[in-house]
Amino acid sequence: MIRQTILAAVLGTAATAASANTIVDIAAADERFSTLVAAVTAAGLAETLSGPGPFTVYAPVNDAFAALPAGTVETLLQPENKEQLTNVLLYHVDDRKLTSDQFAAGANYYKPILATERLCITSHSGVTIADGTGETANVVIANIEADNGVIHVIDKVLLPGTRPACH
C-alpha cells in the first residue's frame, strides 16, 4: 500500500511537471486577472499568449480595468471593437522575456509587440511604466515566472497614444 501511494505521488508530480504553466494559465488561475483573461479571450489572443513565447506581459489587475471611464471595458469587449481591444492588449506585451532586473537603470523606451508607440519604463527603487496617455502604472508584483515568459502585475491599464516623455 505504501509503495502504491509513493508511486501515485511520483506519477502525479510528473504529470504536473509535464503540464504547461503559461502566462494565460497563470492569469486564468488568479481571480485578480479575471477582466484581463476575459479581454484576452475576447480578442482571440489566448492561444498566442499560451504559445512558446518568450513574452513579457504587463498584466493589469481587475481594479485597473475598473478605474477606466465607465463603460470602457464593456465597449472594448464588444465584437465590433475587437481590433481596438487587440491593440490595447498588445500594448501590454513585449516579445522578449524581461525580468525586472533586466530593465536598464533610469528611464528607457521599450517597444511592445506589434505596437507603433513605445512605453517608457523607469527602473529605480521599483519599476514604473508610462504609456501613451502620459500616465504611469506601477509594477506592484514583478517577475511571475511562466513557461513562456514573465508577468509583471501593474495597477493601471496601459493605453496607446503619443510617445511618453522618457527622461
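A short tour of the structure in this document, coming up. (Residues numbered from 1 in each chain as written. Predicted model: local features only at pLDDT ≥ 70, side-chain atom pairs only at ≥ 80, totals over all residues. Heavy atoms only, no water.)

Here's the deal with the environment of Glu47
Among the secondary structure elements, Glu47 is positioned in helix 4 (residues 46-49). Remark: the alpha-carbon pair of Glu47 and Val24, spanning 23 residues in sequence, is separated by 8.4 Å. (Helix = DSSP H or I, 4+ residues; strand = E, 2+ residues; numbered from the N terminus.)

A look at helix 3 (residues 34-42)
Along helix 3, the residues that are buried comprise Thr35, Leu36, Ala39 and Val40. In a view along the axis of helix 3, the buried residues occupy a sector of 135°, so they form one face of it. The inward-facing, buried residues of helix 3 contact helix 4, strand 1 (55-60), helix 5 (62-66), helix 6 (72-76) and helix 7 (82-90). Phi turns positive one or two residues past the end of helix 3, at Gly44, with a value near 75°. (Buried < 20%, exposed > 50% of the residue type's maximum accessible area, 1.4 Å probe, protein only. Arc of directions from axis to C-beta. Contact = heavy atoms within 4.5 Å.)

Overview of the packing of aromatic side chains
For the coordinates displayed, the defined rule picks out one aromatic pair. Between the aromatic rings of Phe103 and Tyr110, the centroid separation amounts to 5.4 Å while the plane-to-plane angle is 90°, which identifies the pairing as edge-to-face. Both residues of the pair, Phe103 and Tyr110, belong to the buried class. Stacked on the ring of Tyr109, the Lys or Arg Arg163 has its end atom at 4.7 Å from the ring centre. (Phe/Tyr/Trp six-rings, centres within 6.5 Å; stacked < 30°, edge-to-face > 60°. Lys NZ or Arg CZ within 6 Å of the ring centre and 35° of its normal.)

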